[in-house]
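# Fold and geometry: a report
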Amino acid sequence: MRLPIASGLATGAVAIALYPLFQGGDWFWASLGAILVVAGIGTAAGYYALPGWAVPPAQVLALWVYLTAAFTADEAWGKVVPTTDSVLELAELLTTGFADIQRFAAPVPDSTGIVLLTCGGVGVIAITVDLLAARLHRAALAGLPLLALFTVPAAVIAEPIGWPAFVAGAAGYLGLLVADGRERVSHWGRAVLVRRMSASATARPASSDTGPLRLSGKRIGFTAVALAILLPSLLPTLEPDPLFVFGVGNGRGGGNSISIPNPIVNLRGQLTLPENSTVLTYRPSDGDSRYLRLYALDIFDGEQWTMSEPKGRPEDRTSEAPMPPAPGQSPSLEVTSATLDVTVSDQVRRLSFLPLPYPAARVTAEGDWRPDRETLMVFSTRDTAEGLTYRVVTGEPKTTAERLKAAAPASAAIAERYLALPENLPGEIRQLATRVTERDAGAYEKAIQLQRFFTEDGGFTYDLSTQGHDGAALTDFLIRNRTGYCEQFAASMAVLARVLGIPSRVAIGYTGGGNVSGAWQVRTHDSHAWPELYFEGTGWLRFEPTPAGGEGQGSATVPDYTRPQAAPAPSAEPSAAPSAASSGPETQGGASANRRDRTLDRDLGGLVAAPEEGMPVATKIGIGVAVALLVAAVPALVRWQMRVRRRRLYSRPVPSPGARAGGAGPGEGTAGAAVAGGPVAGGTTTAGVVTGEARREPAVMAAWAELDDALCDYGISREPSESPRSLARRLTRQYAFDPEAAAALTRIAAAVERMLYARSGGEIASLREDLPRVRRALAATVSRGRRIRAVLLPPSTLLRMRAMGGRVLDGFDLLENIRLRRPLRKGA
């Protein structure tokens, strides 16, 4: 009865890996109940000795009753017995759960439909594992449904599964194998003791000593799990080097703050909004669109941009006071004021920061929203922006090129925080920053030159399918390939600006979107990253190094203050026409030619992020099916290749081997015994078994080995003591071969015996026509299913693969038996 319990424990251990897919824990307790029901039925079946075929239907029925009681008890008779109404309710919940899964990305909410779908799936896996392990006694095969369950989170989420979940799943599967091994060893019988035993000793039943076997298995299992966890950490990664992996660093924190676990990981989020869905809409009082910022990342450690932990004071609540003054902005600076009414989509999940134009002078929103004084990010530790409507009054500075050119150096506090660079920053990056800018230019002129370097002079290409390269990824982007999208452009310009002594940071948010009937719609296509540079007296200003239009980020715009003065300055933000990325159908070759759908990163609290360029889902499914079919076809391909190789040998005439010196001696008898005592159906084959003179005649031996494999594939038995001639006589009589097939089989047997026993074998005719004729005669004696199996899953090849795996496992036993001994001294 241990196998049903071990099967349930293994299923529960592997199910732990599903935790990243859900926001709550209801799914786990419901799935645990399903596992207990299935394991309980399996254990009871073993206790009452029920037939194995009756257990799976009983488990399915019990699982149905459990789901009815757990999810549709109000529609069931007596809260338990299924009725027509309860079945219809279950079907409706399953439909709703499937729709919710298509709509949301991980982590999904614990809705009733999703929990029911998960619970039912885990229950089906538990039944399958119990069937394979406890009923069919194929515990190793039970790993396949467990693996299917374990790979679900790996296929859905971008982050790797945590090692504790892996250890739990591996321990569950190894425990199942150990239980199966103990079950098998316990059936070997009692140990036979040669020494005389006392009466009291004989009264105690002696069981087989399985301790060493269990110990060896545990050692192998522990070693395998430990290597699976530790070895990948010691090997170089095959993943692209993360050029700009955004997250929370060890920045300034403390006080009344919010902890953001992962603001953005290379802008590759999980799907929370449907494709190209509306994230938010806003109506500005002046009709102009604006970039909407969510995050300001201020720390660069050489590999990733991170943000200091924001701090919000109780007295700064947006409901009680205006926003703090913009850092670095002079009180005498003229600003432009506009009012925006913003409505966030109710499909956005876990959005704890408000998308705002920078800088905002006042924010009116329901809930406990607080600004960070140093960055003006507005966040909440209690509320989310899902479906929220709020009002923003902007305070955008009116600045000119002359004012920016005359800006004083940044204060010491700003310089310390926003000029920090890692000491190991490659020297070629520092040289690049000075090479693309003029030595005597001021900070503003250098910023303009950097922007022009990315958009015009540097030969950069906007491409969403960018992959990593060997070496430092930052160097790859700036020096070698110069191909990327907004995250790479923004973060690179911010790094180069710091090299030149210009305080900088990276902003994450959205472009202005597209105008639809007077309202601006921001969609998933409008997610964006850009650099913000600091100028004393004006504060933080947006720059745009990412190519815009059809060759780049379609809805990106260049601010007026960064344009050449000689050219007329168009509006800094589009104010009438919808952007190519946000509204209306896109023309071929336009913005959509270089764009893919963005998705929301769950760790951002809903930030729209650009996923990796991927192939269509149908293509992925097709590739997966093709790979699965190819793996399944390996035994058939191996068998076919072996048959072709043997056919080349036995299809040509075999010359006489000549007279043997010394006559027929013991060697001939050994060879004949090797053939006569060859394989039986379901055992091993004779390929490579024949010894002595026969080894010099590969043609005849190839024909004999092919005949032996054919017998094994068709499930035809062979007696260990049968000689080739007696085997031919028995097959001819037993299966009533036609004269041609009987004659062909006789010729093959005679050729083998002549090769083994005759002093001079003489000329042996080609067996090219004989062996196929015998194969057809053998195939006619078995069912169609057996013939199909002989082609697709030939038992002869599977037995060879099994023997090979056994030799590999035997190697572990040899390793365990190695003992290091101290060498003896000479003369001892």
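Here the structure is shown first, and the text comes after it.
### Considerations on the overall build of the chain
For the chain, the count of helices and strands is 24 helices and 21 strands. Here the analysis covers contacts within the chain between residues at least 6 apart in sequence; of these, 74% occur between residues at least 24 apart. Accessible area for the chain stands at about 40,500 Å²; split by element, carbon and sulfur atoms hold 58% of it.

### Observations concerning the environment of Gly395
With respect to the helices, strands and loops of the structure, Gly395 is situated in the loop between strand S11 (389-394) and strand S12 (396-397). On the basis of relative accessibility, which here comes to 10%, the residue Gly395 falls in the buried class. Each C-alpha atom of the pair Gly395 and Arg362 lies 8.6 Å from the other, and the pair is 33 residues apart in sequence. Those residues in contact with Gly395, other than ones at most four positions away along the chain, are Gln329, Val335, Thr336, Pro359 and Ala361.

### What to know about the nonpolar core
Leu280, Leu354, Tyr390, Phe454 and Leu478 are the most contacted members of the largest nonpolar core, which has 79 residues in total. Sorting elements by how many residues they give to this core places helix H15 (residues 486-499) first, with ten residues. What Leu354 contacts, discounting residues up to four positions off in sequence, is Arg293, Leu294, Val363, Ala365, Trp369, Val378, Ala385, Leu388 and Tyr390. Core analysis: the second largest hydrophobic core is formed by 42 residues, Val14, Leu21, Val122 and Ile161 among them.

### Quick word on the packing of aromatic side chains
Under the defined criterion, the tally for this structure stands at 22 aromatic pairs. Where Phe28 meets Trp29, the ring centres are 5.2 Å apart and the plane angle is 75°; that geometry is what we call edge-to-face. Classification of Phe28 by relative accessible area gives partly exposed; the value is 26%. Both rings, one in Tyr295 and one in Phe353, keep their centres 4.7 Å apart while their planes meet at 55°; by these two values the pair is tilted. Separated by 58 residues along the polypeptide, Tyr295 in strand S3 (residues 292-297) and Phe353 in the loop between strand S7 (339-344) and strand S8 (360-364) bring together distant segments of the chain. Note on accessibility: Tyr295 and Phe353 belong to one class, buried. One aromatic cluster in this structure is built from Phe453, Phe454, Phe460, Phe477 and Phe489. Over the face of the ring belonging to Trp540 we find Arg505, whose NZ or CZ atom lies 4.0 Å from the ring centre. When the ring centre of Tyr291 is taken as reference, the NZ or CZ atom of Arg542 above it lies at 3.7 Å.

### Structural notes on the pairing of strand S19 (residues 539-542)
Bridge analysis of strand S18 (residues 527-535) against S19 gives four bridges, and the strand direction is antiparallel. Among the inter-strand pairings, Tyr534 is bridged to a residue of S19, identified as Trp540. Following S18, the chain reverses through three residues before pairing antiparallel with S19; Gly537 in that reversal takes a positive phi of roughly 90°.

### Quick notes on unusual backbone geometry
In this chain, Tyr358 is followed by Pro359 through a cis amide linkage whose omega measures -10°. Within the secondary structure, Pro359 is located in the loop between S7 and S8. Positive phi, normally seen in glycine, also occurs at His137, with a value near 55°. Within the secondary structure, His137 is located in the loop between helix H5 (112-135) and helix H6 (143-156). With phi around 50°, Ala736 is a residue other than glycine that occupies positive phi space. Along the chain, Ala736 falls in the loop between helix H20 (724-735) and helix H21 (739-757).

### Concerning the packing of helix H19 (residues 698-713) against H21
For the pair H19 and H21, the least separation of the axes is 10 Å and the interaxial angle reads 130°. One way to sum up the angle between H19 and H21 is to call them oblique. H19 and H21 meet at a crossing whose hand is left-handed. Within the contact between the two elements, H19 uses Val700, Met701, Trp704 and Leu707 and H21 uses Leu745, Ile748, Ala751, Val752 and Met755. Each residue belonging to the contact of H19 with H21 can be placed in one class, and the counts come to nine nonpolar, no polar and no charged.

Reading the values: rules and limits
- Residues numbered from 1 in each chain as written.
- Predicted model: local features only at pLDDT ≥ 70, side-chain atom pairs only at ≥ 80, totals over all residues.
- Heavy atoms only, no water.
- Helix = DSSP H or I, 4+ residues; strand = E, 2+ residues; numbered from the N terminus.
- Contact = heavy atoms within 4.5 Å.
- Areas by Shrake-Rupley, 256 points an atom, 1.4 Å probe, with all protein chains shown as cover.
- Buried < 20%, exposed > 50% of the residue type's maximum accessible area, 1.4 Å probe, protein only.
- Core = buried A, V, L, I, M, F, W, Y, C linked by side-chain atoms within 4.5 Å.
- Phe/Tyr/Trp six-rings, centres within 6.5 Å; stacked < 30°, edge-to-face > 60°.
- Lys NZ or Arg CZ within 6 Å of the ring centre and 35° of its normal.
- Pairing = 2+ DSSP bridges.
- Axes fitted to C-alpha atoms, helices over the stretch in contact; angles between N-to-C directions.
- Parallel < 35°, antiparallel > 145°, perpendicular 65-115°, else oblique.
- Left-handed = near helix turned anticlockwise from the far one by under 90°.
- Nonpolar A, V, L, I, M, F, W, Y, C, P; charged D, E, K, R; others polar.

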